[in-house]
Amino acid sequence: MKQTPPHRQKIQRRPVHGVLLLDKPLGLSSNQALQKAKWLLRADKAGHTGTLDPLATGVLPLCFGAATKFSQLQLDADKTYEAVLLLGRKTSTADAEGDVIETRPVPAITPELLAELTRRFTGPLAQVPPMYSALKKDGKALYEYARKGQEVEREARHITIYKLEMAVAQDPRASAAIKIIVSCSKGTYIRTLGEDIGEAIGCGAHLGSLRRLETGGYTDCQCVSLPALEAMSEAEREACLLPVQSLVAAYPSVTLGADDAGRFLSGLRRRGSSGQWGPDAALVQVFGSEPAAFLGSAHVTADELIPGRLLSPIEIQDMLAVRSPVTPSPAASAAMA
């Protein structure tokens, strides 16, 4: 007799605004981790800021509500990773999840060799993306071709390795291993970097482990794990959220009075006196003073403050209500009208 599946309780979604720094666990995709956190917070809108492979752990900023408007800044941010390269074997996926496709002897890994590799792989590089990646070719992700045993031509992409540290490591999965710490520009594939280092040594290599230590100023020591999040009350989970403006905290700020704030939120440019908004800037964070609230981003050109990504009055009200659950004053309402 066919059993009826148990009824799943419907979750009452709610507006949640902010950034959750999640320490993504091993084995989950970025989207799976996002959906778990979204469910725990009962959030009605959420997105992540660039994928980490299931093999990878570490910093995964999750954006909720109004924060999703600024997630592109994290996609474009520089990042730092720690990885272990297992030498002597190449795999089909360039990491430990793939099948071994080639085995070669490993030469002596000397300090002189590591110094030369560090020099060779630091600075601007041209990197061919791996077949097992989410990049699109003719509307299909490259990994879809790879799973069918097809290899398609990929153009090399220009990346920058700002800093590279290398040291001999011990790992039971290989006769020789190297630990690397990489600070790099967006679009860098650490799996590909590991393969390229293996080829430069002459023995081949694949990624044994990968951890993102930092992205766009957020570090792994700020992160919360999924088990810890699950053990919290809803109020404690919400207290883990960083404010939306943390996504633009590295940029200059401008504060507007009530009248200017209202017009700015309507999408109107604000003309200032000489230097009122500071020097020309591609991005500034904008705040209102009555009440003190984050309004969005803008850029400054020739003493004009030109709106960029803006919060809606409802989003601002939601965030003010969480911060101070009282009825906004008439002046506050006017600023957001």
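The text that follows walks through the structure, step by step, so that each part is easy to find. (Residues numbered from 1 in each chain as written. Predicted model: local features only at pLDDT ≥ 70, side-chain atom pairs only at ≥ 80, totals over all residues. Heavy atoms only, no water.)

## A closer look at the nonpolar core
Then, in step 1: Counting 45 residues, the largest nonpolar core has Leu20, Phe64, Leu87, Ile180 and Ile190 as its most contacted members.
Then, in step 2: Here this core takes five residues from helix H1 (residues 30-41), the largest share from any one element.
Then, in step 3: When neighbours within four sequence positions are excluded, Ile180 is seen to be in contact with Tyr81, Glu82, Ala83, Leu85, Leu164, Glu165, Met166, Ile190 and Leu193. (Core = buried A, V, L, I, M, F, W, Y, C linked by side-chain atoms within 4.5 Å. Buried < 20%, exposed > 50% of the residue type's maximum accessible area, 1.4 Å probe, protein only. Helix = DSSP H or I, 4+ residues; strand = E, 2+ residues; numbered from the N terminus. Contact = heavy atoms within 4.5 Å.)

## Quick word on the environment of Gln285
Then, in step 1: Along the polypeptide, Gln285 turns up in strand S17 (residues 281-289).
Then, in step 2: Owing to a relative accessible area of 8%, Gln285 belongs among the buried residues under this scheme.
Then, in step 3: Spatially, the C-alpha atom of Gln285 lies 4.6 Å from that of Ser253, the residues being 32 residues apart in sequence.
Then, in step 4: Sequence-distant contacts of Gln285, defined by excluding residues within four places in its chain, comprise Gln245, Val248, Ala249, Tyr251, Pro252, Ser253, Val254, Phe294 and Gly296.

## Things to note about the packing of helix H3 (residues 111-120) against helix H5 (residues 190-201)
Then, in step 1: The geometry of H3 relative to H5 is characterised by a closest axis approach of 11 Å and an angle of 130° between their N-to-C directions. On the basis of the axis angle, H3 is oblique to H5. Along this stretch, H3 crosses H5, giving a crossing that reads as right-handed. Contacts from Leu113, Leu117 and Arg120 of H3 reach H5 at Ile197, Ala200 and Ile201.
Then, in step 2: Taken together, the residues that form the contact of H3 with H5 break down as five nonpolar, no polar and one charged. (Axes fitted to C-alpha atoms, helices over the stretch in contact; angles between N-to-C directions. Parallel < 35°, antiparallel > 145°, perpendicular 65-115°, else oblique. Left-handed = near helix turned anticlockwise from the far one by under 90°. Nonpolar A, V, L, I, M, F, W, Y, C, P; charged D, E, K, R; others polar.)

## Details of the sheet that holds S17
Then, in step 1: With respect to topology, five strands assemble into an open sheet ordered S15-S17-S18-S19-S16, the strand pairing being mixed. In the strand order of this sheet, the two ends are held by strand S15 (253-256) and strand S16 (270-271), each with one partner.
Then, in step 2: Relative to S17, S15 runs parallel, the two being bridged by four bridges. Counted as the bridge partner of Val254 is Val286 from S17. (Pairing = 2+ DSSP bridges.)

## A short note on the packing of aromatic side chains
The description of an aromatic ring pair uses the distance of the two centres, along with the angle that the planes make with each other.
Then, in step 1: Enumeration according to the criterion identifies two aromatic pairs in this entry.
Then, in step 2: Plain terms: the ring middles of Phe70 and Phe294 are 5.6 Å apart, the flat faces sit at 55° to each other, and that makes the pair tilted. Placement of the pair is Phe70 in the loop between strand S3 (56-64) and helix H2 (72-75) and Phe294 in strand S18 (residues 292-301), with a sequence separation of 224 residues. Phe294 shares its class with Phe70; the two are buried.
Then, in step 3: Here the aromatic residues Phe70, Phe287 and Phe294 are joined through ring pairs into a cluster of three or more. (Phe/Tyr/Trp six-rings, centres within 6.5 Å; stacked < 30°, edge-to-face > 60°.)

## Let's talk about unusual backbone geometry
Then, in step 1: The omega angle of the peptide bond from Glu290 to Pro291 is 5°, so this bond is cis rather than trans.
Then, in step 2: For Ala302, which is not a glycine, the phi torsion comes out positive at approximately 50°.
Then, in step 3: In this fold, Ala302 is placed in the loop between S18 and strand S19 (304-310).
Then, in step 4: Unusually for a residue other than glycine, Asp303 sits at a positive phi of about 65°.
Then, in step 5: Note that Asp303 resides in the loop between S18 and S19.
Then, in step 6: With relative accessibility at 21%, the residue Asp303 sits in the partly exposed group.

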